[in-house]
Amino acid sequence: MEELCLGLRDVGVSNAQLPDGEDVREAISRVKALSAELARRGVDVSSRIARLSTETNWDMDLLLRETLGFPRSVPYLASTPDPKCGNCGMPISRKAVLALCPRCVAQGLGQLAAGRSESHLDTCPICGRQEKGFLVYAYGLEWMNYCGDCLEDERAREAAG
Ligand SMILES: [Zn+2]
Ligand SMILES: [Zn+2]
(Lines give C-alpha, C1' and ligand atoms only; values in the text may rest on other atoms or scores of the structure.)
(Ligands and ions follow the chains in the order given, each with its own letter.)
Protein backbone atom coordinates (compact mmCIF):
# COMPACT_ATOMS: atom_id res chain seq x y z
CA MET A 1 0.00 0.00 0.00
CA GLU A 2 2.74 2.45 0.96
CA GLU A 3 4.55 1.46 -2.22
CA LEU A 4 1.47 2.37 -4.20
CA CYS A 5 1.46 5.78 -2.51
CA LEU A 6 5.15 6.24 -3.33
CA GLY A 7 4.50 5.25 -6.92
CA LEU A 8 1.69 7.78 -7.20
CA ARG A 9 3.94 10.47 -5.74
CA ASP A 10 6.49 9.60 -8.43
CA VAL A 11 3.84 9.98 -11.11
CA GLY A 12 3.06 13.33 -9.54
CA VAL A 13 6.60 14.68 -9.32
CA SER A 14 7.59 13.51 -12.80
CA ASN A 15 4.35 14.94 -14.14
CA ALA A 16 6.04 17.56 -16.30
CA GLN A 17 7.42 14.71 -18.42
CA LEU A 18 3.99 13.50 -19.47
CA PRO A 19 3.00 11.89 -21.71
CA ASP A 20 6.36 10.53 -22.83
CA GLY A 21 9.08 10.72 -20.19
CA GLU A 22 10.74 7.45 -19.35
CA ASP A 23 10.63 7.98 -15.57
CA VAL A 24 6.98 8.86 -15.52
CA ARG A 25 6.11 5.88 -17.69
CA GLU A 26 8.02 3.63 -15.34
CA ALA A 27 6.17 5.11 -12.35
CA ILE A 28 2.87 4.57 -14.15
CA SER A 29 3.54 0.89 -14.83
CA ARG A 30 4.65 0.42 -11.21
CA VAL A 31 1.40 1.94 -9.94
CA LYS A 32 -0.61 -0.27 -12.31
CA ALA A 33 1.15 -3.42 -11.12
CA LEU A 34 0.82 -2.55 -7.42
CA SER A 35 -2.80 -1.61 -7.79
CA ALA A 36 -3.60 -4.90 -9.53
CA GLU A 37 -1.78 -6.79 -6.77
CA LEU A 38 -3.73 -4.97 -4.02
CA ALA A 39 -7.02 -5.57 -5.84
CA ARG A 40 -6.22 -9.27 -6.05
CA ARG A 41 -5.65 -9.35 -2.29
CA GLY A 42 -8.93 -7.53 -1.78
CA VAL A 43 -7.31 -4.46 -0.20
CA ASP A 44 -9.48 -1.34 -0.27
CA VAL A 45 -7.18 1.56 -1.05
CA SER A 46 -9.73 4.39 -0.97
CA SER A 47 -9.20 5.67 2.59
CA ARG A 48 -5.41 5.62 2.28
CA ILE A 49 -5.65 7.42 -1.08
CA ALA A 50 -7.92 10.04 0.48
CA ARG A 51 -5.35 10.60 3.23
CA LEU A 52 -2.58 10.83 0.63
CA SER A 53 -4.53 13.61 -1.08
CA THR A 54 -4.41 15.65 2.13
CA GLU A 55 -0.74 14.83 2.63
CA THR A 56 0.24 15.98 -0.85
CA ASN A 57 -2.47 18.49 -1.74
CA TRP A 58 -3.06 16.63 -5.01
CA ASP A 59 -6.26 14.88 -6.07
CA MET A 60 -4.80 11.38 -5.70
CA ASP A 61 -8.07 9.59 -6.38
CA LEU A 62 -8.26 11.22 -9.81
CA LEU A 63 -4.53 10.73 -10.36
CA LEU A 64 -4.85 7.03 -9.55
CA ARG A 65 -7.82 6.57 -11.87
CA GLU A 66 -6.07 8.36 -14.73
CA THR A 67 -2.84 6.47 -14.10
CA LEU A 68 -4.67 3.15 -14.29
CA GLY A 69 -6.36 4.29 -17.50
CA PHE A 70 -3.07 5.31 -19.16
CA PRO A 71 -2.60 5.68 -22.14
CA ARG A 72 -6.36 6.17 -22.68
CA SER A 73 -6.25 8.86 -20.00
CA VAL A 74 -3.17 10.86 -19.12
CA PRO A 75 -2.62 11.48 -15.39
CA TYR A 76 -1.95 15.21 -15.45
CA LEU A 77 -2.08 16.91 -12.09
CA ALA A 78 -4.28 19.94 -11.84
CA SER A 79 -1.12 21.92 -11.10
CA THR A 80 0.77 20.70 -14.17
CA PRO A 81 1.76 23.44 -16.57
CA ASP A 82 -0.11 23.09 -19.83
CA PRO A 83 1.48 20.49 -22.10
CA LYS A 84 3.04 21.67 -25.33
CA CYS A 85 3.72 20.18 -28.73
CA GLY A 86 7.29 18.85 -28.76
CA ASN A 87 7.66 19.81 -32.41
CA CYS A 88 6.35 23.38 -32.62
CA GLY A 89 5.73 24.40 -29.00
CA MET A 90 1.99 25.05 -29.46
CA PRO A 91 -0.18 24.25 -26.42
CA ILE A 92 -1.84 20.85 -26.86
CA SER A 93 -4.88 19.16 -25.38
CA ARG A 94 -4.37 17.59 -21.97
CA LYS A 95 -5.88 14.48 -23.50
CA ALA A 96 -3.09 14.17 -26.06
CA VAL A 97 -1.14 10.93 -25.73
CA LEU A 98 1.68 11.97 -28.06
CA ALA A 99 3.46 15.25 -27.36
CA LEU A 100 2.17 16.66 -30.64
CA CYS A 101 -0.42 19.18 -31.79
CA PRO A 102 -2.84 18.08 -34.57
CA ARG A 103 -0.90 20.02 -37.21
CA CYS A 104 2.36 18.30 -36.32
CA VAL A 105 0.66 14.88 -36.19
CA ALA A 106 -0.43 15.56 -39.78
CA GLN A 107 3.07 16.77 -40.66
CA GLY A 108 4.58 13.58 -39.22
CA LEU A 109 2.16 11.38 -41.13
CA GLY A 110 2.93 13.29 -44.32
CA GLN A 111 6.65 12.90 -43.77
CA LEU A 112 6.35 9.15 -43.20
CA ALA A 113 3.98 8.71 -46.16
CA ALA A 114 6.64 10.38 -48.31
CA GLY A 115 9.23 7.96 -46.90
CA ARG A 116 11.27 10.79 -45.40
CA SER A 117 11.96 9.73 -41.82
CA GLU A 118 14.72 11.88 -40.33
CA SER A 119 14.88 9.72 -37.27
CA HIS A 120 18.10 8.34 -35.83
CA LEU A 121 16.01 6.11 -33.54
CA ASP A 122 14.38 2.77 -34.29
CA THR A 123 11.89 2.25 -31.49
CA CYS A 124 8.52 3.90 -30.93
CA PRO A 125 8.26 4.94 -27.24
CA ILE A 126 4.48 4.41 -27.24
CA CYS A 127 4.01 0.93 -28.70
CA GLY A 128 7.57 -0.38 -28.78
CA ARG A 129 7.49 -1.11 -32.50
CA GLN A 130 10.88 -1.22 -34.23
CA GLU A 131 10.43 1.35 -36.94
CA LYS A 132 11.89 4.67 -38.04
CA GLY A 133 9.18 7.21 -37.34
CA PHE A 134 8.56 10.92 -36.89
CA LEU A 135 11.30 12.47 -34.76
CA VAL A 136 10.31 14.94 -32.04
CA TYR A 137 12.30 16.45 -29.21
CA ALA A 138 9.49 16.23 -26.66
CA TYR A 139 9.43 18.88 -23.93
CA GLY A 140 13.19 19.30 -24.21
CA LEU A 141 13.50 15.95 -22.46
CA GLU A 142 14.51 13.36 -24.96
CA TRP A 143 14.04 12.39 -28.57
CA MET A 144 10.79 10.64 -29.41
CA ASN A 145 10.47 8.43 -32.46
CA TYR A 146 6.72 8.16 -33.04
CA CYS A 147 5.74 5.37 -35.42
CA GLY A 148 3.14 5.83 -38.16
CA ASP A 149 0.51 3.73 -36.39
CA CYS A 150 0.75 5.77 -33.20
CA LEU A 151 0.45 8.98 -35.24
CA GLU A 152 -2.64 7.52 -36.92
CA ASP A 153 -4.10 6.61 -33.52
CA GLU A 154 -3.50 10.15 -32.26
CA ARG A 155 -5.18 11.62 -35.33
CA ALA A 156 -8.18 9.32 -34.82
CA ARG A 157 -8.41 10.38 -31.16
CA GLU A 158 -8.25 14.05 -32.18
CA ALA A 159 -10.97 13.50 -34.77
CA ALA A 160 -13.13 11.79 -32.14
CA GLY A 161 -12.63 14.76 -29.83
ZN1 LIG B 1 2.99 21.15 -33.19
ZN1 LIG C 1 4.15 3.37 -32.12
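Remember, predicted model here, so these are calculated numbers, not experimental data.

Chemist: Is there a simple way to think about the domain arrangement of the chain in this case?
Modeler: For an interface, size is often stated in terms of accessible area lost upon the parts coming together. In terms of domains, the chain is made up of domain 1 (2-68) and domain 2 (102-160). Between domain 1 and domain 2, the C-alpha centre-to-centre distance is 28 Å. Facing the 8 residues of domain 1 at the interface are 8 residues of domain 2. Among the residues of domain 1 in contact with domain 2, Gln17, Asp20 and Arg25 are the three that bury the most area, contributing 65% of the side total. Scanning the region where domain 1 abuts domain 2 turns up 0 salt bridges. The tally of links between domain 1 and domain 2 comes to 1 residue pair in polar contact (both at pLDDT 80 or more). Grouping the constituent residues of the side of domain 1 that touches domain 2 by class yields 3 nonpolar, 2 polar and 3 charged.

Chemist: Can you help me understand the environment of Asp61 in this one?
Modeler: Counting through the fold element by element, Asp61 comes out in helix H4 (residues 60-69). Along the sequence, Asp61 and Glu3 sit 58 residues apart, while their C-alpha atoms lie 16 Å from each other. Here Asp61 is in contact with Ile49 and Ser53, once residues within four sequence places are set aside.

Chemist: In this structure, what is going on with the coordination of the zinc ion (ligand 2)? I would like to understand it.
Modeler: For a metal with four donors in a tetrahedral arrangement, the ideal angle between donors is 109.5 degrees, while six donors in an octahedron ideally sit at 90 or 180 degrees. Bound to the zinc ion (ligand 2) on the protein side are Cys124 (SG), Cys127 (SG), Cys147 (SG) and Cys150 (SG), at distances that span 2.2 to 2.4 Å. Each of the 4 donor atoms around the zinc ion (ligand 2) contributes to a set of angles spanning 105 to 119 degrees, which defines the coordination as tetrahedral. Read in sequence order, the donor residues for the zinc ion (ligand 2) give the motif C-x2-C-x19-C-x2-C. Taken as a pair, Cys124 in the loop between helix H5 (102-113) and strand S1 (134-138) and Cys147 in the loop between strand S2 (142-146) and helix H6 (148-160) lie far apart in primary sequence, 23 residues in all. In this structure Cys124 comes out as buried when scored by relative accessible area, which is 1%. By relative accessible area, Cys147 is classed as buried at 0%.

Chemist: Any chance you could explain unusual backbone geometry here in plain terms?
Modeler: With the exception of glycine, most residues fall at negative phi, and the peptide bonds are largely trans. The omega torsion across Phe70 and Pro71 is 5 degrees, close enough to zero to call that bond cis. With respect to the helices and strands, Pro71 occurs in the loop between H4 and H5.

Chemist: Would you take a moment to explain the coordination of the zinc ion (ligand 1) for this structure?
Modeler: Taken together, the protein donors to the zinc ion (ligand 1) comprise Cys85 (SG), Cys88 (SG), Cys101 (SG) and Cys104 (SG), at separations of 2.3 Å. The site at the zinc ion (ligand 1) holds 4 donor atoms, and with the angles between them running 103 to 117 degrees, its shape is tetrahedral.

Chemist: Help me understand the environment of Ala114, please; the structure alone is not making it clear to me.
Modeler: Structurally, the position occupied by Ala114 is in the loop between H5 and S1. For Ala114, a relative accessible area of 48% puts it in the partly exposed group. Placed 94 residues apart in sequence, Ala114 and Asp20 show a C-alpha to C-alpha distance of 25 Å.

Chemist: Quick question: what am I supposed to make of the pattern of salt bridges here?
Modeler: Think of it this way: side chains of opposite charge can pair up when their charged atoms draw near. Tallying each qualifying case throughout the model produces 10 salt bridges. Asp10 is the partner of Arg30 in a salt bridge, and the nearest nitrogen-oxygen pair spans 2.4 Å. Taken together, the residues Arg30 in helix H2 (residues 22-40) and Asp10 in helix H1 (residues 2-13) connect sequence positions 20 residues apart. Using a relative accessible area of 31% as the deciding quantity, one classes Asp10 as partly exposed. With a closest N to O distance of 3.2 Å, Asp149 and Arg129 form a salt bridge. Within this pair, whereas Asp149 is found in helix H6, its partner Arg129 is found in the loop between H5 and S1, the two being separated by 20 residues in sequence. Judged by its relative accessible area of 43%, Asp149 is partly exposed.

The rules behind the values
- Residues numbered from 1 in each chain as written.
- Chains lettered and ligands numbered in written order.
- Predicted model: local features only at pLDDT ≥ 70, side-chain atom pairs only at ≥ 80, totals over all residues.
- Heavy atoms only, no water.
- Domains from an automatic or database assignment.
- Contact = heavy atoms within 4.5 Å.
- Buried area = accessible area lost by both parts, 1.4 Å probe.
- Salt bridge = Lys/Arg side-chain N within 4 Å of Asp/Glu carboxyl O.
- Polar contact = N/O pair within 3.5 Å; in protein donor to acceptor, adjacent residues only side chain to side chain.
- Nonpolar A, V, L, I, M, F, W, Y, C, P; charged D, E, K, R; others polar.
- Helix = DSSP H or I, 4+ residues; strand = E, 2+ residues; numbered from the N terminus.
- Donors = N, O, S within 2.8 Å, 3.2 Å for Na, K, Ca; no water.
- Tetrahedral: all angles 85-135°; square planar, octahedral: opposite > 155°, others 65-115°.
- Buried < 20%, exposed > 50% of the residue type's maximum accessible area, 1.4 Å probe, protein only.

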